[in-house]
Amino acid sequence: STSTMAVLYLACFLSVVYANSRGAVKVLQRKELYAPRRVIAPGIVGRRIGINRRTPFFGAPAERRNPTWKNAERPRRSITVRAGLDEKDPSPSPVASSSTPSWLPLFAIPALGGALFGYDIGATSAVVRLLGTGSSDLGSLDSLQLGLMASLPLLGAMLASGVIIGAGDAKIGRKTELYTASILYAVGTAIQSLSGALDLILLGRIVYGLGIGVAMHAAPLYIAETTPSNLRGKLVSLKEAVIVLGIVAGYAAGALTNPSDPSAWRSIFEAALPVELAMFGLVSVLLTESPRWLALRGRKEEAVGALAKSQNMGREAAEIEVEEMIKFSNEGGGNTDMSFLERSEALLTDATNRKALTIGVGLVLLQQLSGQPSVLYYANRIFEKAGLGFEAAVGVGIFKTIMTLVSVALVEDPKWGRRPLLLTGTAGMTASLAALSAIFAQAGGDDPSSTAVLACVVAFVG
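As a convention, each chain's residues are numbered from 1 in the sequence order in which they are written. Under the rules for a predicted model, residues below a pLDDT of 70 receive no local features and side-chain atom pairs below 80 are neither given nor counted, while totals for whole chains, interfaces and linings still include all residues. Calculation of side-chain values draws on the structure's entire complement of heavy atoms; hydrogens and water are dropped beforehand.

**Section: the overall build of the chain**
Part 1 of the reasoning: For the purposes of this entry, the term helix denotes a DSSP run of H or I that reaches at least four residues, the term strand denotes a run of E that reaches at least two, and both are numbered from the N terminus. Looking only at helices and strands, the chain has 19 helices and four strands in total.
Part 2 of the reasoning: For the chain, the residues scored as buried account for 45% of the 462 residues in total.
Part 3 of the reasoning: We call two residues contacting when some pair of their heavy atoms lies within 4.5 Å. Intrachain contacts of the chain at a sequence separation of at least 6 include 74% that bridge at least 24 residues.
Part 4 of the reasoning: Per-residue accessibility takes into account occlusion by the displayed protein chains alone, with areas from the Shrake-Rupley method and a 1.4 Å probe. If you sum the accessible surface of the chain, you get close to 22,500 Å²; carbon and sulfur atoms cover 62% of it. Exposure is judged per residue with a 1.4 Å probe applied to protein chains only, and the accessible area is read against the type maximum: over 50% gives exposed, under 20% gives buried, and values in between give partly exposed.

**Describing the side chain of Arg 174**
Part 1 of the reasoning: By secondary structure assignment, the location of Arg 174 is in helix 5 (residues 174-194).
Part 2 of the reasoning: Those residues within four positions of Arg 174 in sequence are excluded, and the remaining contacts are Asp 169, His 217, Ala 218, Leu 221, Tyr 222, Glu 225, Glu 289, Ser 290 and Trp 293.

**Quick notes on helix 11 (residues 300-310)**
Part 1 of the reasoning: Taken together, the buried positions of helix 11 are occupied by Ala 303, Val 304, Ala 306, Leu 307, Ala 308 and Ser 310.
Part 2 of the reasoning: Once helix 11 ends, the next one or two residues include Asn 312, with phi positive near 55 degrees.

**What to know about the packing of aromatic side chains**
Part 1 of the reasoning: Between rings of Phe, Tyr and Trp, where Trp is taken as its six-membered ring, a pair exists when centres lie within 6.5 Å; planes separated by under 30 degrees are stacked, by over 60 edge-to-face, and by other angles tilted. Evaluation of the coordinates by the stated rule reveals three aromatic pairs.
Part 2 of the reasoning: Between Tyr 179 and Phe 280, the ring centres sit 5.4 Å apart and the planes meet at 55 degrees, which makes this aromatic pair tilted. Of this pair, Tyr 179 sits in helix 5 while Phe 280 sits in helix 9 (residues 273-286), placing them 101 residues apart in sequence.
Part 3 of the reasoning: Note on Tyr 179: relative accessible area 24%, which makes it partly exposed.
Part 4 of the reasoning: The interplanar angle of 90 degrees and the centroid separation of 6.2 Å between the aromatic rings of Trp 265 and Phe 269 together place this pair among those described as edge-to-face. One end of the pair is Trp 265 and the other is Phe 269, both in helix 8 (residues 264-270) and four residues apart, which spans about a single turn.
Part 5 of the reasoning: Looking at Trp 265, the relative accessible area reads 1%, which means it is buried.

**So, the nonpolar core**
Part 1 of the reasoning: Side-chain atoms within 4.5 Å are what join buried Ala, Val, Leu, Ile, Met, Phe, Trp, Tyr and Cys residues into a set we call a nonpolar core. Ranked by internal contacts, the top residues of the largest apolar core, which has 73 residues, are Phe 383 and Val 457.
Part 2 of the reasoning: By residue number, the principal contributor to this core is helix 3 (residues 104-132), which donates 13 residues.
Part 3 of the reasoning: Ignoring anything within four residues of it in the chain, the contact list for Phe 383 reads Leu 388, Gly 389, Ala 392, Ala 393, Val 396, Val 453, Leu 454 and Val 457.
Part 4 of the reasoning: Counting 13 residues, the second-largest nonpolar core is a separate cluster that includes Trp 293, Val 304, Met 313 and Ala 317.

**A closer look at the environment of Leu 433**
Part 1 of the reasoning: Summarising the element assignment, Leu 433 is placed in helix 18 (residues 418-443).
Part 2 of the reasoning: The contact partners of Leu 433, leaving out residues within four places of it in the chain, are Ser 370 and Phe 460.

**Here's the deal with the pattern of salt bridges**
Part 1 of the reasoning: Each salt bridge in this description consists of a side-chain nitrogen of Lys or Arg and a carboxyl oxygen of Asp or Glu lying within 4 Å of one another. With the rule as written, the count across this model stands at 10 salt bridges.
Part 2 of the reasoning: A salt bridge links Glu 302 to Arg 299; the shortest N-O distance between them is 2.9 Å.
Part 3 of the reasoning: A relative accessible area of 33% means that Arg 299 is categorised as partly exposed.
Part 4 of the reasoning: What emerges from the salt-bridge pattern is a single network uniting Arg 174, Glu 225 and Arg 292.

**Examining a nonpolar patch on the surface**
Part 1 of the reasoning: Like charges within 9 Å and nonpolar side chains (Val, Leu, Ile, Met, Phe, Trp, Tyr) within 5 Å are joined into patches, using only residues over 30% in relative accessible area that form no salt bridge. A cluster of nonpolar side chains, namely Leu 347, Leu 348, Leu 357 and Val 361, defines an oily patch on the protein surface of about 320 Å² accessible area.
Part 2 of the reasoning: Those elements that provide at least two residues to the nonpolar patch are helix 13 (340-349) and helix 14 (351-369).
Part 3 of the reasoning: Structurally, the position occupied by Leu 347 is in helix 13.

**Overview of the packing of helix 3 against helix 4 (residues 143-167)**
Part 1 of the reasoning: Throughout, an axis means a line fitted to C-alpha atoms (over the contacting stretch in the case of helices), and angles, computed between N-to-C directions, take values from 0 to 180 degrees. Two elements in contact, helix 3 and helix 4, have axes separated by 9 Å at closest approach and are oriented at 170 degrees. The pairing of helix 3 with helix 4 is recorded here as roughly antiparallel in orientation. Where helix 3 abuts helix 4, its residues Asp 120, Thr 124, Val 128, Leu 131 and Gly 132 lie against Leu 146, Met 149, Ala 150 and Pro 153.
Part 2 of the reasoning: Asp, Glu, Lys and Arg are counted as charged, while Ala, Val, Leu, Ile, Met, Phe, Trp, Tyr, Cys and Pro are counted as nonpolar; the rest, among them Gly, fall into the polar class. Within the contact of helix 3 with helix 4, the residues separate by chemical class into six nonpolar, two polar and one charged. Comment on the angle field: the value is read as roughly parallel under 35 degrees, roughly antiparallel over 145, roughly perpendicular from 65 to 115, and oblique elsewhere.

**Examining the confidence of the model for the chain**
Part 1 of the reasoning: Put simply, the chain has an average pLDDT of 77, and 76% of its residues get 70 or more.
Part 2 of the reasoning: Across the chain, element-level confidence peaks in helix 5 with a mean pLDDT of 95 and bottoms out in strand 3 (residues 79-82) with 35.
Part 3 of the reasoning: Confidence drops under a pLDDT of 50 for residues 1-97, and excluding neighbours within four residues, the segment shows 142 contacts in the predicted structure. Per-residue confidence from the prediction method is given by pLDDT, with values spanning 0 to 100.

**Brief notes about the packing of helix 17 (residues 390-410) against helix 19 (residues 450-461)**
Part 1 of the reasoning: Put simply, helix 17 and helix 19 touch, their axes get as near as 9 Å, and they point 30 degrees apart. For the element pair helix 17 / helix 19, the angle class is roughly parallel. Crossing angle aside, the handedness with which helix 17 passes helix 19 is right-handed. Contacts between helix 17 and helix 19 involve Ala 392, Val 396, Phe 399 and Lys 400 from the first element and Leu 454, Val 457, Val 458 and Val 461 from the second.
Part 2 of the reasoning: Counted by class, the contact of helix 17 with helix 19 contains seven nonpolar, no polar and one charged residues. Less than a right angle of anticlockwise turn of the near helix away from the far helix marks a crossing as left-handed, whereas a clockwise turn marks it as right-handed.

**Side note on the side chain of Arg 266**
Part 1 of the reasoning: Structurally, Arg 266 is set in helix 8.
Part 2 of the reasoning: Those residues in contact with Arg 266, other than ones at most four positions away along the chain, are Asp 137, Leu 138, Gln 192, Ser 193, Leu 194, Ser 195 and Gly 196.

**Considerations on helix 19**
Part 1 of the reasoning: Along its 12 residues, helix 19 runs 17 Å from first to last C-alpha, staying within 8% of the 16 Å computed at 1.5 Å per residue.
Part 2 of the reasoning: On its buried side, helix 19 packs onto helix 15 (372-377), helix 16 (379-385), helix 17 and helix 18. An expected span of 1.5 Å times one less than the residue number is assigned to each helix.

**Brief notes about the environment of Gly 213**
Part 1 of the reasoning: Take Gly 213: it is sitting in helix 6 (residues 198-226).
Part 2 of the reasoning: For Gly 213, a relative accessible area of 4% corresponds to the buried category.
Part 3 of the reasoning: Along the sequence, Gly 213 and Ser 161 sit 52 residues apart, while their C-alpha atoms lie 5.4 Å from each other.

Following this line, the structure appears as structure tokens:
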């Protein structure tokens, strides 16, 4: 049922987030990112007496972040010495009393946008297989109609990305984008799951794709701009694992449906609606605007308040962090008021920017042309030709999740790194895709070997 699939989806997502939070806390403990408490003796001007108790603190010590701030008071709950009596300062501690890390919602909530993108990939794979049988309430669909069902969300994502690039983000913050993405997700789901006409369903697919484009722009930026610097790279990479987890949930939703039900495909899309509504509510309640986005647009006071709230930080420390954001941006020549044409000219005329742009766009383009997205979208159809059930796609998705987590762990490893992983993965994809093509070509009109097909698909997506 729809409720069962939604519960399964949320359980899978929260399990990965919980596992990562435990691992990240261990990283903090290993690196001993701590700041000492201070004692202030009013009778001794300018003297600071450290206490050998240490309190967890995200980010590097103040002396390391700003060498000129060596004697400034740390934003910790201090103890003031008066007439031999210790009185605790009533200001709240910047470290949450709860065992939940303050960065967890800053990662988990935007990552829901990625999970919904992944869910649509897995769900579309199952829906295309169900609609391809001709026994659904939409009747028999041809190859073009099935192709539009699978590809139109990507068209919507491309349109949304184009609008964001052209308009820039000077007026629209990251939180507003996450709001917008959750609304587009929910509206698209409602249209595509409730409409009776194919034209309206395809319109819903485009609207859902608009949500994908907005979410995939906002989520990595929000995570990078709000989470602690020592965890930032790992959390941005982990977002990819959450997308894959969403793919697994979409495959699982297809496996849990009753193929004989003419409207079973609708319940697969509907299962995402509770998560989309949850995303909207959590963005409203738990997230602040990105402090960096606010700081670079001259809204310093709002940036300080947002940083203090989001990372449970004292106001004095938040003010210093915001000043450093502005300083580093000015030193780097950042300009948030440049028009689209000015930004394009800066990218294309500067040799360094042009090289980075060529590599980045080239990798993304070749990744899409490699055929992996097509295999993920049509995994269930491929397995149907090989005589395998919906469960085969779930197994492939789980294997892809494991390999994604392995890649996240190895990407910062000195023995591996990004380039060796990229070359190794590309070589494996080329070999497995060539083998898969040969298997279907050799089979002709007959059913290919299910074992060989499954092995090739597993190797390809892994």
